[in-house]
Amino acid sequence: MISLITPEPILSLTNIGKSFGNVDALDGVSVDIREGEIFALLGPSGCGKSTLLRIISGFETPTRGELKLDGQDMTRTPPNKRPVNMVFQSYAVFPHMSVADNVAYGLKMEGVGSDDIQHRVDTALSQVHLEDFKHRMPDQLSGGQKQRVALARALVKKPRVLLLDEPLSALDAKLRDAMRLELVKLQETVGVTFIIVTHDQSEALAMADRVAVLESGRLRQVDTPSGLYQRPVDAFVADFIGRVHSFTALHIEHANAEAVVQVAELGEIRLAMDALPSGVRAGAQTDVPAIIAFRPESVAVSLAADSPSTASNDIVLPGVLGDIAFQGQHSIVEVTRGNRPSVTATINHSSLASLQQQPIGTPVIARCARADLMLLPAELGHDTEQAQ
Ligand SMILES: Nc1ncnc2c1ncn2[C@@H]1O[C@H](COP(=O)(O)OP(=O)(O)OP(=O)(O)O)[C@@H](O)[C@H]1O
Ligand SMILES: [Mg+2]
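Residues numbered from 1 in each chain as written. Chains lettered and ligands numbered in written order. Predicted model: local features only at pLDDT ≥ 70, side-chain atom pairs only at ≥ 80, totals over all residues.

Quick word on the site of ligand 1
- Looking at ligand 1, the residues that line it are Phe20, Val23, Ala25, Gly43, Ser45, Gly46, Cys47, Gly48, Lys49, Ser50, Thr51 and His199.
- Ranked by residue count, the leading element in the shell around ligand 1 is helix H1 (residues 49-57), at three residues.
- Residues that form the shell around ligand 1 fall into these classes: four nonpolar, seven polar and one charged. (Near = placed C-beta within 6 Å. Helix = DSSP H or I, 4+ residues; strand = E, 2+ residues; numbered from the N terminus. Nonpolar A, V, L, I, M, F, W, Y, C, P; charged D, E, K, R; others polar.)

Some points on the confidence of the model for the protein
- The pLDDT averaged across the protein works out to 87; a share of 90% of its residues lies at or above 70.
- Here residues 380-388 is modelled with pLDDT under 50, and outside its nearest four sequence neighbours on either side it reaches 17 contacts, counting other chains as well. (pLDDT = per-residue confidence, 0-100. Contact = placed C-beta atoms within 7 Å.)

Some thoughts on the environment of Val343
- In this fold, Val343 is placed in strand S18 (residues 340-348).
- Val343 sits 24 residues away from Gly319 along the chain, and the two C-alpha atoms are 8.9 Å apart.
- Setting aside chain neighbours within four positions, we find Val343 in contact with His245, Val299, Leu317, Gly319, Val335, Arg337 and Ala366.

Some remarks on the packing of helix H4 (residues 143-155) against helix H5 (residues 173-190)
- For the pair H4 and H5, interaxial distance at closest approach is 11 Å and the crossing angle is 20 degrees. Relative to H5, the element H4 is oriented roughly parallel. Crossing of H4 against H5: the hand is right-handed. Across the interface between the two elements, Gly143, Gly144, Gln147 and Leu155 from H4 touch Leu175, Met179 and Val190 from H5.
- Looking at the contact of H4 with H5 residue by residue, the class counts come to four nonpolar, three polar and no charged. (Axes fitted to C-alpha atoms, helices over the stretch in contact; angles between N-to-C directions. Parallel < 35°, antiparallel > 145°, perpendicular 65-115°, else oblique. Left-handed = near helix turned anticlockwise from the far one by under 90°.)

Some words on the sheet that holds strand S12 (residues 258-263)
- On the basis of which strands lie adjacent, the open sheet formed by five strands has the order S13-S12-S11-S14-S20 and antiparallel pairing. Across the chains shown, the open sheet's two edge strands, defined by having one partner strand only, are strand S13 (267-272) and strand S20 (374-377). Across the sheet, the mean angle separating the axes of adjacent strands is 40 degrees when strand polarity is ignored.
- Taken together, the six bridges between S12 and S13 define a ladder with antiparallel strand orientation. Residue pairing in the sheet places Glu258 in a bridge with Ala272 of S13. (Pairing = 2+ DSSP bridges.)

Details of the nonpolar core
- Core analysis: the biggest nonpolar cluster contains 101 residues, and Ala40, Val103, Ala152, Leu163, Ile195 and Leu375 have the highest contact counts within it.
- Considering each element in turn, this core owes the most residues, six residues, to H4. (Core = buried A, V, L, I, M, F, W, Y, C linked by C-beta atoms within 7 Å. Buried ≥ 20, exposed ≤ 12 C-beta atoms within 10 Å, placed from the backbone.)

So, the environment of His245
- As for its placement among the helices and strands, His245 is situated in strand S11 (residues 245-255).
- Taking C-alpha positions, His245 is 6.1 Å from Arg295, a pair spaced 50 residues apart along the chain.
- Setting aside chain neighbours within four positions, we find His245 in contact with Ala293, Phe294 and Val343.

This is the structure we're talking about:
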């Protein structure tokens, strides 16, 4: 996929805003989408994902801002004049038409010649592995097969950009996993730029080359899946992409190349300035609301009786053993800490053996290496529940 990416964006959105009455569905969205990538729009329900997709398709007009496709302004171009195609949230196949007729429909409407239609329909059906289902009617297909018909119907028109709104949400969990892989393979084969809307973070991380995290109509971060996970720009993104434990930073100040952060429960924490997100770095002297956060994957748990008493460089949180939840590849171990929030650790099975033999309530120590701590802007007022 990387080889298909060119420096010129295929789609360029600049300061897009959309208001419905007094609801700001989108507020100042600017992003460039590269040719040949799978780009995911991710965010909670109502954050504006479908509205943004509809603006790209032309079914909705922005209140302000500009949209360019292949360098051409298309902000007010009607949908049928744009080289984009949409696969809708609830796949709508025509029930009274065969698979082949469903796929051919859009081309017939455009007045494409019948030989050409037949050839293009065959190609599109083979791309989605439905060549043997040409003559079936939709009620003779499974949910996943219907979804592939909807995909073929969009692909047959050879769009520059394919827009998919929650394409897998109507499928059951197992089929959804299989279709994720299939969609990625399909995109690699056809090379068309995909923009996929989803509220499922694992779907976005598994499929996309880059992900835009939207919240309340604003873009929080655009990055690769690993970039979002390892370098979230704020508490919202950190919590939306995976899980975090967070602690309010009471006071932050510079000292040489370090930020010295005071945290009620953890004491004084020193972090290298160049590892800090710019939002915190800029506000490091002025006490911007911030949190110290770490992920359950960064936590180790050991029996208090076995733990070295000498000071280590880790953050140390004493508690007692709570529930251990088996998750297949690993287990989630809970460390309860009286009336303070529990800490959970994601632990693989080889490290679990000594804990598993212990009864609930056994004194344990949860640890996190300082290198795994994140200092993030909390954006109080948006995410107050994050900062415990
Ligand atoms: N036609 C409309 N008229 C009024 N408000 C609208 C309209 N369309 C969307 N909205 C509002 O705009 C906001 C964004 O809606 P949108 O459908 O884009 O969200 P979404 O991120 O796709 O959510 P979901 O994950 O639930 O599909 C919501 O507050 C919604 O109620
Ligand atoms: Mg939606």
